[in-house]
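Listed below are the residues making up each chain.
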Number of protein chains: 2
Amino acid sequence: MLPSETKEMKERIIDVAQGFVQTRGFNAFSYRDLAEQILIRTASIHYYFPKKDDLGLALIQRYRADFEGAIRNIDDAERSPKDRLSAYLKMFLDLSKGGARLCLFAVFSAELPTLSERIQDEVRIFYETNIDWLNDVVSEGRSAGFFSFSGESREVASAIFSFLEGEMLVRRVFPAEAHSPEIPPAIRLLLSWKG
Amino acid sequence: MLPSETKEMKERIIDVAQGFVQTRGFNAFSYRDLAEQILIRTASIHYYFPKKDDLGLALIQRYRADFEGAIRNIDDAERSPKDRLSAYLKMFLDLSKGGARLCLFAVFSAELPTLSERIQDEVRIFYETNIDWLNDVVSEGRSAGFFSFSGESREVASAIFSFLEGEMLVRRVFPAEAHSPEIPPAIRLLLSWKG
DNA sequence: GACAGCCTATCGATGCGCAGATAGACTGGT
DNA sequence: ACCAGTCTATCTGCGCATCGATAGGCTGTC
C-alpha cells in the first residue's frame, strides 16, 4: 500500500475513533469496534497507534487543529464581531446536530480522571484557545457597540463556552426538540445583543 | 445479619458506586472496584444488584430523589426567588467542589447511548424537574421585580441549567482556579440580577 | 420452646467473552 | 531485496455474571 494511503488509513482510524468517542466516550469503544467498522484487524490499528492512549492523543490533537483552523477561517473572513460570533456558535452547535455527537471537550472532561496527563493537557489547551478567541470577539463587540454587558469580558466568554458545552449535553438528552434559532436566546440576553 | 443492616449495605454500595460514576463515569468502574472498596466479594454486590444496569438505575433514582428533596427544602424555607435561586446555585456548584465530582446528568449524558432506556428516562426526568423548578423561580423573580429579562422564562431557566452543567465540566479541567463568587457573574448578567 | 423450613447475606469457584497488546509471518510495490 | 502494511495467532488480565454452598436469623405450629 502506498505511503499516501498509509496516511489515509491513519486518518480513517481517527475518523472512526472520533465518531465513537463523540457518541459513546473514550472508555466505551474498543480496537475491535474500530476494526469491524474499518474492515481491518485490530493488530493493524496497533501498528499505527501502539497504545489506545496514542490514539486518544492523536484524536484530540487533530480536533484541536481542526478547531483552530476553523476559527482562523472565521477571522480571515474579517467580518464584524457579531458575524464572527454567529459563525462560531453555528459551528459549535452544528457539531451536536441532533445530539448525536458531543464536543470532545465535554466527553474528555466527563472521563478526565481516567485519561493520561498528556490528553488532559490537550483538553486544557483546547479550552484556553476557545476562551481567548471568544474573549477577543466579545470585547471587540462591546467596544464597537454591538454588545453591552458589565464586568469582565473574559467572564462572559467563559460563560458562553460553559453554556455551549452544557447545551450539547441537554440536546443529546432531548434530541427530538427543535433547537432552531441560529443564536440561542440566552446568548442574546447575556450580551444584550442588538439585532 | 439484620434486615436493617441489609438496607445499609445496599446504600453503601450505591454510595461508593456514585463516587465512581461522578469521577470516572459509569463505564469506567467495575464490580471489582466496588468490592475492593467495600471489602466484600463481587458476588455479594450481584446479590443486591443482579445487573450493573440495576445498580445504575438505583443510583440515579436515589440521586433524583435527593435532588427533589433538596429543592423541596429550599421551597419550604419560603424565601424570596433570589434566595431560592442562590441556594440552588450553591447546592449545584458545591457538588463539583474542586471539580472532583460531576453532576450525574453530565456523566450520563456523555455516555447516554451506552445506557439502557430506563436509565435514559431517569435522566430526562431529572432534567425536567430542574427546569420546571428553575422556571418557577425565575418567572416569579421577574414578576417580583428581582430579575429582569426579555423573552420566555423557560428559555432562561434552561440556559441556567446548561450553563451550570457546562461549568462543572470546565471546573474539572481547571481545578486549581478560584471559582469563588456565590453567584456566577454570568447568571447575574442573564437575569439583570439586582443586588 | 423446639424444631422444620424458609429467608438473608455472604462466600469461593468458575465461565465466557472481550479488553489491550505483541510476536512473527506474509505480501505486494519500487 | 527491501520495507510498509497487513495479517494470523496468541497472550494475559479483567469484564459481568452465575452457581452452589454455607452460616445464621426468622417464623409458625404442635
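Source: prediction; values computed, not measured.

A. Structural detail: the overall build of chain A. Along chain A, the regular secondary structure elements total 9 helices and 0 strands. If you list the helices and strands of chain A from N to C, you get α-α-α-α-α-α-α-α-α. Here the C-alpha coordinates of chain A stretch approximately 55 × 35 × 30 Å along the principal axes. Across the 195 residues in chain A, those meeting the buried criterion constitute 52%. A separation of at least 24 residues holds for 70% of the contacts in chain A among residues at least 6 apart in sequence.

B. Representation of the nonpolar core. By size, the foremost hydrophobic cluster in this structure holds 141 residues, and its most contacted members are L34 and Y88 of chain A together with Y88 of chain B. Beyond its immediate sequence surroundings of up to four residues, Y88 of chain A is in contact with F67, I71, I74, N130, W133, L134, F161 and L164 of chain A.

C. Quick peek at the relation of the copies chain B and chain A. Mapping chain B onto chain A leaves a residual RMSD of 0.1 Å; the transformation is a rotation of 180° accompanied by 0.0 Å of translation along its axis. The two molecules are tied by a two-fold rotation axis, judged by turn and shift.

D. Local environment of the interface of chain B and chain A. Listed as interface residues are 38 residues of chain B and, on the opposing side, 38 residues of chain A. The junction of chain B with chain A conceals about 3,100 Å² of combined surface from both sides, 74% of it contributed by carbon and sulfur atoms. For the pair chain B and chain A, the number of links is 0 salt bridges. Applying the counting rule to chain B against chain A returns 10 residue pairs in polar contact (both at pLDDT 80 or more). For the side of chain B that touches chain A, the secondary-structure elements that each account for two or more residues are α1 (3–24), α6 (104–110), α7 (117–143), α8 (153–173) and α9 (185–191) of chain B.

Analysis parameters
- Residues numbered from 1 in each chain as written.
- Chains lettered and ligands numbered in written order.
- Predicted model: local features only at pLDDT ≥ 70, side-chain atom pairs only at ≥ 80, totals over all residues.
- Heavy atoms only, no water.
- Helix = DSSP H or I, 4+ residues; strand = E, 2+ residues; numbered from the N terminus.
- Buried < 20%, exposed > 50% of the residue type's maximum accessible area, 1.4 Å probe, protein only.
- Contact = heavy atoms within 4.5 Å.
- Core = buried A, V, L, I, M, F, W, Y, C linked by side-chain atoms within 4.5 Å.
- Least-squares fit on C-alpha atoms with pLDDT ≥ 70 in both.
- Buried area = accessible area lost by both parts, 1.4 Å probe.
- Salt bridge = Lys/Arg side-chain N within 4 Å of Asp/Glu carboxyl O.
- Polar contact = N/O pair within 3.5 Å; in protein donor to acceptor, adjacent residues only side chain to side chain.

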